[in-house]
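Coordinate analysis (summary)
For reference, the chains in residue letters:
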Amino acid sequence: MERWLPLELASTVRHDGDGGVADDLATVQGTMHWIQQQADLPTTHVPAAELAADEDLRLRIIELRQAVRALFAQAVSPAPPSPADAHRLMPADRAMTHLNTVAAREPVAPQLDWPAGGVPGTRLLSAESDPYVRLLAALARSAIDFLSGPQREQLRSCSAPRCVRYFVKSHGRQEWCKPSCGNRARAARHYSRRRTAPEGGSVPS
């Protein structure tokens, strides 16, 4: 399954399996663990070995996440956004300004990479030595690329009970972010129909 860095960031807010919401960035240790999990994504451009997360970096990543989730909510509109933060979203214009500002803090230049006998590609050459700035800028750039690309049209907020994830719709009939959410949603619908069916009546399938 393809992974997108902005979705990975947005998904650090998730259902905790017990009716509540968990935050993978709630601690510095959790933030460092999340960064290490993204190290294999080429869009980060920052080896996890260069970083030692601290409270300042944690808070800056959280602010970026708030901006990303606010713009995700705008992207799925008029469908409802994730219920995790629907009542306290960052204004969309502020979120866009924040993404653009953070992305601009790292001066980068595209470089052509064409190995002998291989396929040409590009990589970014950075003039920034601070790995914190590089990581934050890479997160912001990835969100800009995602929101300006074709994936935005397929972005959805999962409507399964208790789920707070956003996901990219991969086929025409997909309604939920994963099969377990689909099973939970169907079970909830069945339970609701049983509760509203007349006594002694049959429940439609």
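Up top is the structure.
Predicted model, so just to flag it, every value in this text is computed and none were measured.

**Quick look at helix H3 (residues 55–76)**
End to end, H3 covers 31 Å across 22 residues, agreeing with the expected 32 Å (1.5 Å per residue, within 8%). Sitting at the amino-terminal end of H3 is Asp 54, which places a side-chain oxygen 3.3 Å from the backbone nitrogen of Asp 56.

**Some details on the packing of aromatic side chains**
For the structure on display, the rule yields three aromatic pairs. The interplanar angle of 75° and the centroid separation of 6.1 Å between the aromatic rings of Trp 4 and Phe 146 together place this pair among those described as edge-to-face. With Trp 4 in the segment before helix H1 (5–10) and Phe 146 in helix H5 (residues 131–147), this pair connects stretches of sequence that are 142 residues apart. Measuring from centroid to centroid gives 5.4 Å for Phe 72 and Phe 146, while their planes differ by 40°, and the two rings are tilted.

**Considering the pattern of salt bridges**
Where charged atoms of side chains with opposite charge meet at close range, the side chains can pair. The final tally for this structure, using the stated rule, is eight salt bridges. Of the charged contacts, one joins Arg 60 and Asp 56 as a salt bridge, the two residues approaching to 3.1 Å between their closest N and O atoms. Here the residue Arg 60 and the residue Asp 56 both occupy positions in helix H3, the gap between them amounting to four residues, near one helical turn. For Asp 56, a relative accessible area of 37% gives the class partly exposed. In this structure, the salt-bridge partner of Glu 153 is Arg 152, at a minimum N-O distance of 2.6 Å. The class of Glu 153 is partly exposed, set by a relative accessible area of 49%. Overall, the relative accessible area of 28% leaves Arg 152 in the partly exposed class.

**Considerations on the nonpolar core**
Core analysis: the biggest nonpolar cluster contains 38 residues, and Leu 57, Ile 61, Phe 72 and Leu 99 have the highest contact counts within it. Only H1, helix H2 (28–37), H3, helix H4 (92–103), H5 and strand E6 (166–168) provide two or more residues apiece to this core. Considering each element in turn, this core owes the most residues, 11 residues, to H3. Apart from the residues within four sequence positions on either side, Leu 99 is in contact with Leu 64, Ala 67, Val 68, Leu 71, Ala 140, Ala 143, Ile 144 and Leu 147. In this structure, Cys 158, Trp 176, Cys 177 and Cys 181 belong to the second largest nonpolar core, which totals seven residues.

Rules of the game
- Residues numbered from 1 in each chain as written.
- Predicted model: local features only at pLDDT ≥ 70, side-chain atom pairs only at ≥ 80, totals over all residues.
- Heavy atoms only, no water.
- Helix = DSSP H or I, 4+ residues; strand = E, 2+ residues; numbered from the N terminus.
- Expected span 1.5 Å × (residues − 1).
- Polar contact = N/O pair within 3.5 Å; in protein donor to acceptor, adjacent residues only side chain to side chain.
- Phe/Tyr/Trp six-rings, centres within 6.5 Å; stacked < 30°, edge-to-face > 60°.
- Salt bridge = Lys/Arg side-chain N within 4 Å of Asp/Glu carboxyl O.
- Buried < 20%, exposed > 50% of the residue type's maximum accessible area, 1.4 Å probe, protein only.
- Core = buried A, V, L, I, M, F, W, Y, C linked by side-chain atoms within 4.5 Å.
- Contact = heavy atoms within 4.5 Å.

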